[in-house]
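Chains, contacts and geometry: an overview
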Amino acid sequence: MWRVFINSMPHTKHILRLIGRREFVDFPELNLNGMEAKIDTGAYTSSLHCESIDVLMENGKNVLYFSLEQDQRIPHRFENFSVKKIKNSFGEMEERYVIKTPVKIGRKKILSSISLSNRDSMRYPVLIGRRILKGRFLIDVNILHTGGISIQKLKHLINPKKA
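Rules used throughout
- Sequence positions are assigned chain by chain, starting from 1 and proceeding in written order.
- Thresholds applied to this predicted model are a pLDDT of at least 70 for local features of residues and 80 or more for the giving and counting of side-chain atom pairs; totals over whole chains, interfaces and linings are not thresholded and use all residues.
- To get the side-chain values, all heavy atoms of the structure are used, and hydrogens and water are removed first.
- Each pair of strands is called paired provided DSSP finds at least two bridges between the two strands.
- For the purposes of this entry, the term helix denotes a DSSP run of H or I that reaches at least four residues, the term strand denotes a run of E that reaches at least two, and both are numbered from the N terminus.
- Axes here mean lines fitted to C-alpha atoms, for a helix over just the part in contact, with angles spanning 0 to 180 degrees between N-to-C directions.
- Partly exposed residues are those whose accessible area sits between 20% and 50% of the maximum for their type, while under 20% is buried and over 50% is exposed, using a 1.4 Å probe and protein chains only.
- A cavity here means a set of 1 Å grid points, computed over protein atoms only, where a 1.4 Å probe fits but cannot escape. A pocket is an open set with protein on both sides within 12 Å along at least 5 of 7 lines, and lining residues have an atom within 4 Å of a point.
- Grid points are joined across faces, edges and corners, and a volume is the space filled by probe spheres set on the points.
- We call two N or O atoms a polar contact when they sit within 3.5 Å, provided that within protein one can donate a hydrogen and the other can accept it, with sequence-adjacent residues counted only if both atoms are side-chain atoms.
- Any two residues having at least one pair of non-hydrogen atoms within 4.5 Å are treated as being in contact.

In space, the three strands of this open sheet follow the order β5-β6-β7, with antiparallel pairing throughout. Lying at the two open borders of the sheet, with one neighbouring strand each, are β5 (52–58) and β7 (76–78). Each adjacent strand pair in this sheet contributes to an overall mean axis angle of 25°, direction not counted.

As structure tokens, this is what we get:
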């Protein structure tokens, strides 16, 4: 099955990588490394768990502060953020703060829009949606934590004579 699919894949401007249904991701600008993320093609937007979110006025401009853990001493600070209506896991629309920050999945570092929400009731603190995935990754739901193996390498492993 893989042989037929890989050989008929359209060319993209990105090197496609294979990932599993869960991957470890990094948020370099937030100093977060090795966070387990759920890969969810049913979700458009990616989401990061936050414990507290505050917007304060500084020099006439709104500034977003958020903490990822209850005992976090210094909250993260973003001057550039937006508020968007996003469908939650129950299908209801809710307003969320959205930041732009790099996300590293395997070897790929992608500037991404990430919504901030309380994911206490969810199993994973990070959800990676299809907006980040599209054109960059193929997902195999049978595997976990691949680190983003390149499709070229996978082609070589499956059929070393043609790769």
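With that out of the way, let us pick up the pairing of strand β4 (residues 46–49). Along a regular strand, successive side chains alternate from one face of the sheet to the other. Covered by surrounding structure in β4 are Ser46 and Leu48 together with Ser47 and His49, the residues of both alternating faces. Here β4 runs beside strand β10 (residues 108–117); their pairing, made up of four bridges, is parallel. When the sheet's bridge partners are listed, Ser46 is paired in β10 with Ile114. Bridging between β4 and strand β11 (residues 126–128) involves two bridges; their strand directions are antiparallel. Bridged to Ser47 within β11 is Leu127.

A volume near 530 Å³ is recorded for the largest pocket. Along the wall of the largest pocket there are 23 residues; nearest its centre are Lys87, Asn88, Ser89, Arg96 and Leu127. Listing elements by their share of the lining of the largest pocket, those giving two or more residues are β8 (81–87), β9 (93–105) and β10.

Of all the seven residues making up strand β6 (residues 61–67), five are buried; the element is thus mostly covered by neighbouring parts of the structure. Here β5 runs beside β6; their pairing, made up of seven bridges, is antiparallel. Paired with Asp54 across the bridge in β6 is Tyr65. Following β5, the chain reverses through two residues before pairing antiparallel with β6; Asn59 in that reversal takes a positive phi of roughly 50°. With three bridges joining them, β6 and β7 adopt antiparallel strand pairing. Residue pairing in the sheet places Phe66 in a bridge with His76 of β7.

Within a sheet, each strand pairs with its neighbour through backbone hydrogen bonds, oriented either parallel or antiparallel. Pairing in this open sheet of three strands is mixed, and the strands run β12-β1-β13 from one edge to the other. Unpaired on one side and paired on the other, β12 (137–140) and β13 (149–150) mark the two borders of the sheet. Bridge count for strand β1 (residues 17–20) against β13 is two bridges, and the pairing is antiparallel. Its bridge partner being in β13, Leu18 is matched across the sheet by Ile149.

Before going further, it helps to examine the side chain of Ser117. Within the element layout of this structure, Ser117 appears in strand β10. Polar contacts involving the side chain of Ser117 include one to the side chain of Ser47, which spans 3.0 Å. For Ser117, the residues in contact, after removing those within four places along its chain, are Ser47, Leu48, His49, Cys50 and Arg96.

Nothing here speaks to function; it is all geometry.
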